[in-house]
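Working through the structure, step by step
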Amino acid sequence: MKKPVVKVAVTGAAGQIGYSLLFRIASGEVFGQDTPVQLNLLELPAAIKSAEGTAMEIDDCGFPTLAGINISESAENAFDGIHWALFVGSKPRGPGMERNDLIRDNGPIFVAQGKALNRADRGVQIVVVGNPCNTNALIAQHNCRDIPATQFSAMTMLDENRAKAQLAKKAGVNVGDINIGIWGNHSSTMYPDFETGTIAGKKILDVIKDRAWLEGDFMKTVQQRGAAIIAARGKSSAASAASACIDHVKNLMHKTPDGKWFSCAVPSDGNSYGVPAGLLFSFPCRSQGNGKWEIVKGLPVSDYSRKKIDETTKELLAEREVVKDLLIK
Ligand code: NAD
Ligand code: LMR
């Protein structure tokens, strides 16, 4: 191994997403075959034994890239010197719930974990998966004095991947041909932007001429996919969520090809598309491949898109209001 060790903390390591995510990180798929990876697993005391079982299995895979596994119930220990923090640990929703019904249960987790990030490497990138992920990321960011806000993000790649899968089926193309961004909240108000998206370089609307489908079934399927999976499996998405988390990290680590973007919820700079500064909002983003993101500027916003973006902004502002006692100014 030629490169320095990358230290990655994963919270909720004994959960369903953890079980799909950890093996892929340890395998070298994310950081490369020349980069050793140290996994720091954070769990609640009651789930430490289960995390130990997962760690035994990771060892048993014999990944040459695995530098070691630490398991802890202390966020301060788990975050010591880390370069990446993948915040998964939190309650999932059940049938009939919206993700933001979890806000008062899960929000406080991100107060304590945000504070404990003062133990991390200054360049740490924090990715929040636990729901409601945009607002949980906002809470973690507000409670962390030491790390710039731009190093916090929340995951909307699962929504993008869902949108791509639906469009690929409809157009009879490969998912790799599709470029589409998700705006706003990881919730049923998210907006998969079929107006600026492309299929093999052509506007989606020029390839799929059925606008009623795009505004109707397509949008609804993407917005409600999490609930549909819960209804079918009895549990929320796990392997696809882990895969999206891997995509999220890779998107930040590799230069985005020209003319493409990826979806990532990031603190609004206040100068983009009328989204209030500081709100953790999913934008079409690009990366130079340095672990950082930039919001794609200058995309056209029609009256239809404006309405969709405003709707999801309104929901995020309302969520922020509900957790205002958890935010440090
Ligand atoms: P799970 O219940 O299987 O696992 C959650 C794990 O987190 C459990 O092992 C639990 O002990 C642990 N945990 C709870 N509180 C913790 C804390 N304070 N510190 C450390 N660990 C803690 O749930 P899951 O299916 O793995 O889902 C985890 C979260 O991810 C849920 O909130 C779910 O809604 C969310 N999720 C988000 C997306 C997305 O696209 N953003 C997709 C799927 C799931
Ligand atoms: C998803 O989108 O599958 C996750 O956010 C889980 C959920 O509650 O929908």
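Each chain carries its own residue numbering, running from 1 in the direction its sequence is written. Going through the entries in the order they are written, you letter the chains from A and number the ligands from 1. Note on the predicted model: pLDDT of at least 70 is required for a residue's local features to be given, and 80 or more for side-chain atom pairs to be given and counted; whole-chain, interface and lining totals, by contrast, use all residues. Values reported for side chains reflect all heavy atoms of the structure, with hydrogen atoms and water molecules removed beforehand.

**Observations concerning the environment of K7**
Counting through the fold element by element, K7 comes out in strand β1 (residues 6-11). A C-alpha to C-alpha distance of 4.7 Å links K7 and Q38, two positions 31 residues apart in sequence. Helix numbers and strand numbers start at the N terminus; a helix is a DSSP run of H or I with at least 4 residues, a strand a run of E with at least 2.

**So, the domain arrangement of the chain**
For the domain bounds, the source is a domain assignment made automatically or taken from a database. Taken domain by domain, the chain comprises domain 1 (6-154) and domain 2 (157-322). Computed from C-alpha atoms alone, the centre-to-centre distance between domain 1 and domain 2 is 23 Å. We call two residues in contact whenever any of their non-hydrogen atoms come within 4.5 Å of each other. Opposite the 36 residues of domain 1 that make contact, domain 2 presents 41 residues. In total, domain 1 and domain 2 occlude about 3,100 Å² of area from one another, counting both sides; carbon and sulfur atoms represent 60% of this. Three residues, Q16, R99 and N134, lead the burial of domain 1 against domain 2; their summed loss comes to 20% of the area buried on that side. Salt bridges are counted wherever a side-chain nitrogen of Lys or Arg sits within 4 Å of a carboxyl oxygen of Asp or Glu. Across the domain 1-domain 2 interface, the total number found is 1 salt bridge. Taking the shortest distance from any N to any O, the salt bridge between E29 and K250 comes out at 3.2 Å. We call two N or O atoms a polar contact when they sit within 3.5 Å, provided that within protein one can donate a hydrogen and the other can accept it, with sequence-adjacent residues counted only if both atoms are side-chain atoms. One can count 16 residue pairs in polar contact (both at pLDDT 80 or more) joining domain 1 with domain 2. Listing elements by their share of the side of domain 1 that touches domain 2, those giving two or more residues are α1 (16-26), β4 (84-87), α4 (103-116), β5 (125-128), α5 (133-142) and β6 (152-154). Throughout this entry, Asp, Glu, Lys and Arg are counted as charged residues, while Ala, Val, Leu, Ile, Met, Phe, Trp, Tyr, Cys and Pro are counted as nonpolar. The remaining residues, Gly among them, count as polar. Taken together, the residues of the side of domain 1 that touches domain 2 sort by class into 19 nonpolar, 11 polar and 6 charged. Reported buried area values correspond to the accessible surface (1.4 Å probe) lost by two parts on association, with both partners' losses combined.

**Points about the sheet that holds strand β10 (residues 198-199)**
Strands sit in the order β7-β10-β11 across an open sheet of 3 strands; the sheet is antiparallel. Of all strands in the sheet, those with a lone pairing partner are β7 (178-179) and β11 (202-203), marking the two edges. Between any two strands, at least two bridges found by DSSP are needed for them to pair.

**A few points about the packing of helix α6 (residues 157-171) against helix α8 (residues 211-233)**
Under this scheme, a helix contributes an axis fitted over its contacting stretch, all axes are lines through C-alpha atoms, and angles between N-to-C directions fall in the 0 to 180 degree range. Viewed as axis vectors pointing N to C, α6 and α8 meet at an angle of 130°, and their least axial separation amounts to 10 Å. In terms of orientation, α6 lies oblique with respect to α8. The two elements α6 and α8 cross, and the hand of that crossing is right-handed. Of the residues in α8, those touching α6 at D159, R162, A163, Q166, L167 and K170 are W213, L214, F218, T221, V222, R225, G226 and I229. Partitioned by chemical class, the residues of the contact of α6 with α8 number 7 nonpolar, 3 polar and 4 charged. Any angle between 65 and 115 degrees counts as roughly perpendicular, while under 35 counts as roughly parallel, over 145 as roughly antiparallel, and the rest as oblique. A clockwise turn of the near helix away from the far one marks a right-handed crossing, whereas an anticlockwise turn of less than a right angle marks a left-handed crossing.

**Some remarks on the site of ligand 2**
Every residue close to ligand 2 is listed here: R93, R99, N131, L158, R162, H186, G226, I230, S236 and S237. R93 places a polar side-chain atom, nitrogen or oxygen, 2.6 Å from an oxygen atom of ligand 2. Take R162: an N or O atom from its side chain is 2.7 Å from an oxygen atom of ligand 2. Those elements that provide at least two residues to the shell around ligand 2 are α6 and α8. Taken together, the residues of the shell around ligand 2 break down into 2 nonpolar, 5 polar and 3 charged. When we say a residue is near a molecule or strand, we mean one of its heavy atoms is within 4 Å of it.

**Quick notes on the site of ligand 1**
The full set close to ligand 1 counts 26 residues, and Q16, E43, K91, V129 and N131 are the nearest of them. Within the side chain of E43, one N or O atom sits 2.5 Å away from an oxygen atom of ligand 1. Interatomic distance of 2.9 Å between a side-chain N/O atom of S90 and an oxygen atom of ligand 1. Only the protein chains shown count as cover for residues, with accessible areas throughout obtained via the Shrake-Rupley method and a probe of 1.4 Å. For ligand 1, the accessible surface in isolation is 860 Å², of which the surrounding protein chains cover 87%. By residue class, the composition of the shell around ligand 1 is 13 nonpolar, 11 polar and 2 charged.

**Points about the packing of α1 against helix α9 (residues 239-253)**
It is at 8 Å that the axes of α1 and α9 come closest, and there the two elements cross at 40°. One way to sum up the angle between α1 and α9 is to call them oblique. Pair α1 / α9 crosses with right-handed handedness. Here α1 contributes I17, S20, L21, R24 and I25 to the contact with α9, which in turn contributes A239, A241, A242, S243, C245 and I246. Tallied by class, the residues present in the contact of α1 with α9 amount to 8 nonpolar, 2 polar and 1 charged.

**A closer look at the nonpolar core**
What we call a nonpolar core is a set of buried Ala, Val, Leu, Ile, Met, Phe, Trp, Tyr and Cys residues that are connected through their side-chain atoms within 4.5 Å. Throughout this description, buried means an accessible area under 20% of the type-specific maximum (1.4 Å probe, protein chains only), exposed means over 50%, and partly exposed covers the range between. Residues V8, I25 and L39 are the most contacted members of the largest nonpolar core, which totals 68 residues. Looking at this core element by element, the count peaks at 7 residues for α9. Here L39 is in contact with V8, L22, I25, A26, I58, L66, G68, I69 and N70, once residues within four sequence places are set aside. Core analysis: the second largest hydrophobic core is formed by 31 residues, A85, I103, A116 and A140 among them.

**Some remarks on the environment of V124**
Here V124 shows up in the loop between α4 and β5. The spacing of V124 and V8 is 116 residues in sequence and 9.3 Å in space, taken between C-alpha atoms. Discounting residues that sit within four places of it in the chain, V124 has contacts with I82, H83, W84, A85, I147 and Q151.

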